[in-house]
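Listed here are the chains, written in short residue letters.
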Amino acid sequence: MWQILWNGNAAHVKYGLTVEDLEHVLSAPASESVSNLPCCFGYTPEGVFIIVIYEVVDEMTLYPATAYEVK
């Protein structure tokens, strides 16, 4: 299980999303990918399909960079 680091970056959670939405998707992604940074896709508890882009801090910790709805 990943630990999610919220060190000031919670202010970057926008577009009507919440920290809980990001944590939900990070804990149970529908799919994952890597481009410049790793990311995962999944549904919030309300059923909104989002992407969460994050950095891997170490083998146990993720640092969410941003997230937004995928249409």
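A brief look at the structure comes next. Quick caveat: nothing in here was measured; it's all calculated off a predicted structure.

Some thoughts on the overall build of the chain
Then comes step 1: Check the secondary structure of the chain and you find 1 helix and 5 strands.
Then comes step 2: A compact globule built from 71 residues would reach a C-alpha radius of gyration of about 11 Å, and the chain, at 11 Å, matches this within 12%.
Then comes step 3: Expressed as lengths along the three principal axes of its C-alpha atoms, the size of the chain is roughly 30 × 25 × 25 Å.
Then comes step 4: A buried classification covers 30% of the 71 residues belonging to the chain.
Then comes step 5: For the chain, long-range pairs separated by at least 24 residues make up 36% of all intrachain contacts whose partners lie at least 6 apart in sequence.
Then comes step 6: For the chain, the exposed area adds up to about 4500 Å²; of that, 53% sits on carbon and sulfur atoms.

Considering the sheet that holds strand E3 (residues 38–43)
Then comes step 1: Strand order in the open sheet made by the 5 strands is E1-E5-E4-E3-E2, with mixed pairing throughout. On the outer flanks of this sheet lie strand E1 (3–4) and strand E2 (31–34), each paired with one strand and no other.
Then comes step 2: With 5 bridges joining them, E3 and strand E4 (residues 49–58) adopt antiparallel strand pairing. In the strand pairing of E4, Tyr-43 is matched with Phe-49.

Focus: the environment of Ala-65
Then comes step 1: Mapped onto the fold, Ala-65 is located in strand E5 (residues 61–69).
Then comes step 2: Separated by 56 residues in sequence, Ala-65 and Asn-9 have C-alpha atoms that sit 6.8 Å apart.
Then comes step 3: When near neighbours in sequence (up to four residues on either side) are disregarded, Ala-65 contacts His-12, Ile-53 and Tyr-54.

Reading the values: the criteria
Residues numbered from 1 in each chain as written. Predicted model: local features only at pLDDT ≥ 70, side-chain atom pairs only at ≥ 80, totals over all residues. Heavy atoms only, no water. Helix = DSSP H or I, 4+ residues; strand = E, 2+ residues; numbered from the N terminus. Rg over C-alpha atoms; globule rule 2.2 N^0.38 Å. Buried < 20%, exposed > 50% of the residue type's maximum accessible area, 1.4 Å probe, protein only. Contact = heavy atoms within 4.5 Å. Areas by Shrake-Rupley, 256 points an atom, 1.4 Å probe, with all protein chains shown as cover. Pairing = 2+ DSSP bridges.

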